[in-house]
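Structural overview
Given next are the chains, with one letter for each unit.
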Amino acid sequence: MIFVSLILIVLAVFGAPLFTIIATSAMVGFQSNDTELMTIALELLSISQMPVLTAIPLFTFAGYLLSESNAPGRLVRLTSAMFGWMPGGLALVCLAACAFFTAFTGASGVTIIALGAILYPALKQDGYGDRFNLGLVTSSGSLGLLFAPSLPIILYGVVAKVSIDDLFRAGILPGLVMLFMLGGYSIWVNRENRKPLSSFSWREVRDALREAIWELPLPFVVLGGIYSGFFAVSEAAAITALYVFIAEVLIYREITLRDLPRIVRESMVLVGAILMILGVSLASTYYMIDAEVPQKLLAFVAELVSSPTSFLVLLLLFLLVLGAILDIFSAIVLVVPLILPIADGFGVDQVHLGIVFLAAMQLGYLTPPVGLNLFIASYRFNKPIMHVYSATFPFLIILMLSVILITFLPELSLLFVSGD
Amino acid sequence: MRKLLDRLERFGRLAENSALVILLGTMIGVSVFQIINRQLLDGAFSLTWADELVKIIVLWLAMVGSVAACRDNKHIRIDLISHVLSGPVVAWSKVVVDLFAAAVCAMIGWQAWRLVREERSWGDTVFSDVPLWLLHAIVPLAFVLISYQFLVRVLRLIIRIFGPDEAERAS
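Quick caveat, the model's predicted, so the values are computed rather than measured.

Moving on: the overall build of chain B. A count of helices and strands for chain B gives seven helices and two strands. Rg of the C-alpha trace for chain B: 21 Å, well past the compact-globule value of 16 Å for 171 residues, more than 25% over. In terms of principal-axis extent, the alpha carbons of chain B reach across some 65 × 35 × 35 Å. Residues counted as buried form 43% of the 171 residues belonging to chain B. In chain B, 73% of the contacts between residues at least 6 apart in sequence involve partners at least 24 apart.

Residue and element names in this part refer to chain A. Evaluation of the coordinates by the stated rule reveals 12 aromatic pairs over all chains. On the numbers, 5.9 Å between centres and 75° between planes, the contact of F30 with Y286 is edge-to-face. One end of the pair, F30, is in helix 2 (residues 18-32); the other, Y286, is in helix 14 (residues 260-290), with 256 residues separating them in the sequence. Ring geometry for F311 versus F346: centroids 4.8 Å apart, planes at 10°, classification stacked. A residue pair is termed long-range when its members are at least 10 positions apart, and F311 in helix 16 (residues 308-325) and F346 in the loop between helix 17 (328-345) and helix 18 (350-364) qualify at 35 residues. Judged by relative accessible area, which is 4%, F311 ranks as buried.

Attention now moves to the packing of helix 4 (residues 55-68) of chain A against helix 1 (residues 2-39) of chain B. Between two packed helices, what matters for the description is the angle formed by their axes and the separation of those axes. The N-to-C vectors of helix 4 of chain A and helix 1 of chain B enclose an angle of 110°; their axes lie 11 Å apart at closest approach. It follows that helix 4 of chain A is roughly perpendicular to helix 1 of chain B by the angle criterion. Touching P57, L58 and F61 of chain A of helix 4 of chain A are L24, M27, I28 and S31 of chain B, all from helix 1 of chain B. By residue class, the composition of the contact of helix 4 of chain A with helix 1 of chain B is six nonpolar, one polar and no charged.

The next subject is the side chain of S284 of chain A. The residue S284 of chain A is located in helix 14 in this model. Residue S284 of chain A is classed as buried on the basis of its relative accessible area of 3%.

Rules of the game
Residues numbered from 1 in each chain as written. Chains lettered and ligands numbered in written order. Predicted model: local features only at pLDDT ≥ 70, side-chain atom pairs only at ≥ 80, totals over all residues. Heavy atoms only, no water. Helix = DSSP H or I, 4+ residues; strand = E, 2+ residues; numbered from the N terminus. Rg over C-alpha atoms; globule rule 2.2 N^0.38 Å. Buried < 20%, exposed > 50% of the residue type's maximum accessible area, 1.4 Å probe, protein only. Contact = heavy atoms within 4.5 Å. Phe/Tyr/Trp six-rings, centres within 6.5 Å; stacked < 30°, edge-to-face > 60°. Axes fitted to C-alpha atoms, helices over the stretch in contact; angles between N-to-C directions. Parallel < 35°, antiparallel > 145°, perpendicular 65-115°, else oblique. Nonpolar A, V, L, I, M, F, W, Y, C, P; charged D, E, K, R; others polar.

Written as structure tokens, this is what we have:
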């Protein structure tokens, strides 16, 4: 068994698709404890028994449509009209716009490509230092992960069987903590860089609003609908997909019908990759629960630590390492089923655990060796990867502090969650 | 050989795109209609079939999307080595991991086929008379196609390793 695991790890490191690695470990496990191998197919089929999953293709499609249209440009214009007059204005604009866009597009790296291309040159023109800009844009790319309707939150809810509405409410304050800490840092770094503040203009706000008039209802309908409980998550996803399609393709006409098959394909390729990992992970989880792996892990961890606080410290260290190796989607489907029972054993709330998990995994986007944002930024802005690492480092430290706060102040996550 | 592969490639891409557009379009349409029916028409239509349909479409989107992801080489990989090393070691390691992937997918495809065959004998149906096994048959089919995709990739990698690169491009 150890021999097989070693081979699988080597294959994974050499670039075998992750789903094949997980599937093999599941099948080897089934073989070893006399489970019928067909179980793997049975678990794959259970993808069609989770109604919430419909939200994933719908939100992903809407996100890709938005990022292919000129919506990012309108969003930046509107945010600068509203916040650009503040000190460090454009940096704050960058944080706010990216967080908003990421929440709607599901943290797949499209934020850096769609918004970074506009914000990076604009920051430079406004006199911010190049290192700061690179770090800011790179780390903003995954901000907003904790806000509704982000895909990782939905996926966590599906895997952990926790109310997604509760998770959405729980993410608000921790997400804001991240935003404010990065915002404060940006203002502080640029305190010497005093520019004449651009003045606030009602006319510009009005023009920006008018330009984005067809997209404005979207956040209100979706966020309002979700937070008030009027829409279920999958319903909000369907409305979003249809609405974005009507706005970008039929009204603004920035995406032609001819482009549509390509955009559908690109978004569904991501969906296929995520759901495939989910499917095979369900199989490997089935085996691990059958083999009582979570209980053994709990017994092992209980020897190391005794209090919930020390458990959280251990968990955080583990998640930081995990996030550096695995992407957020794979980490959720593979690891959450294993740590949920352990966290339960230490009395950690499942909603809070989800927020901690996602917040810590967000750091994974920025940590070497495989941080997705680092590679996208390096590729997009044509900078050596080491340069992107070092430019992002101060932001990583700030985010890490915010994650520590979020972890050890469960009230941040649980304040808006109705206890039941 | 190459020509045949390229023609199959174009056909496969077109088939995937058409399937994805139809599936996603249907999903959006049916889901929105469900909401309208529930919120505005007070449930005037009985739409139990719609729930079933949308759930089946998720499975089909996942499977067709996976085949497409394989063609576009977009499946999630950890892949530390190609960031560190380069040259023939990387080229050959790609051959090995893709052969492994092809074998695993063939195995899953076979297991899924066994399951679907068994489901056929159970005789479950959805939408009153559509056999469920027929809708689930997308799973073995997708894995066979994915396995085939990985084999084609291996073939192309080997052609690239042995083929005189520049000369080929020139011709």
